[in-house]
Amino acid sequence: MHLNPYGEYAVLLAASLANDMPRDRDGIEERARTFGMTMDFIPTPEDHALTRQVVDDWLRVVDAQDPRERAAILNQQMAAAAAYPRLVNHDDEGWHLHYRDTNQGMPHVFRAIFSVGTALHLTTRGMHRLGRCAAGEEPGDPCQAVVVDVTRNGRQRYCSVRCANRAAVRRHRARAGSTARSIPKR
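Criteria and cut-off values
- Residues numbered from 1 in each chain as written.
- Predicted model: local features only at pLDDT ≥ 70, side-chain atom pairs only at ≥ 80, totals over all residues.
- Heavy atoms only, no water.
- Helix = DSSP H or I, 4+ residues; strand = E, 2+ residues; numbered from the N terminus.
- Buried < 20%, exposed > 50% of the residue type's maximum accessible area, 1.4 Å probe, protein only.
- Contact = heavy atoms within 4.5 Å.
- 1 Å grid on protein atoms, 1.4 Å probe; cavity = no way out; pocket = protein on both sides within 12 Å on 5 of 7 lines; lining within 4 Å.
- Points joined across faces, edges and corners; volume = space filled by probe spheres on them.
- Nonpolar A, V, L, I, M, F, W, Y, C, P; charged D, E, K, R; others polar.

**Thoughts on the overall build of the protein**
In terms of helices and strands, the protein carries 6 helices and 4 strands. N-terminal to C-terminal, the α/β element order of the protein is α-α-α-α-β-β-α-β-β-α. For the C-alpha atoms alone, the extent of the protein along its principal axes is close to 80 × 30 × 30 Å. The burial tally for the protein puts 42% of its 186 residues in the buried class. For the protein, restricting intrachain contacts to residue pairs at least 6 apart in sequence, the fraction spanning at least 24 positions comes to 54%.

Structure follows, in structure tokens:
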């Protein structure tokens, strides 16, 4: 099966790295392979640190609330990373598009696929379909995980069932507490 790294998979890979960055370069490459990237990269000592910087830059898109601001940040990132689209056939994947020059290092490739993939995701699914876990909006909840909404209805707000359940329990307790306070004592 050929996975297009410029669509949903690129955004999911970026979120996966943002939510749980591997401790070394090999871990990053292994994670990328689980998301469908088959390219080999010539290792350099800076790959891990530079990839971390690419992910941190991408998080600016995640955290932008205004669609115009989000688009401006993505446009800057695509301009910095992308080259002319080109047809390539590597690793027996079949012909597909790359939006980068050949023989670039891992961090530069990630910058290109994350920015182009995120732009495709947001323009085809909606500019609101990327953000942080809604559980973290509650005071005292530490969750700051990235949520990539790939649901059919476009309403995914939590990074996991655990966070959604925790928020539901908080809402229930708040309602139960307000109901108890509104009942007059005799």
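**Quick look at the layout of surface pockets**
Considering only enclosed or pocket space, the largest pocket measures out at about 240 Å³ in volume. Along its surface, the largest pocket is lined by 17 residues, and V62, Q65, L130, G131 and R132 are the ones closest to its centre. Looking at the lining of the largest pocket, the elements that each hand over two or more residues are α3 (47-63), α4 (67-81) and β3 (130-132). Here the element with the most residues in the lining of the largest pocket is β3; it accounts for 3 residues. When grouped by side-chain class, the residues that make up the lining of the largest pocket number 7 nonpolar, 5 polar and 5 charged. As a volume, the second largest pocket reaches approximately 160 Å³.

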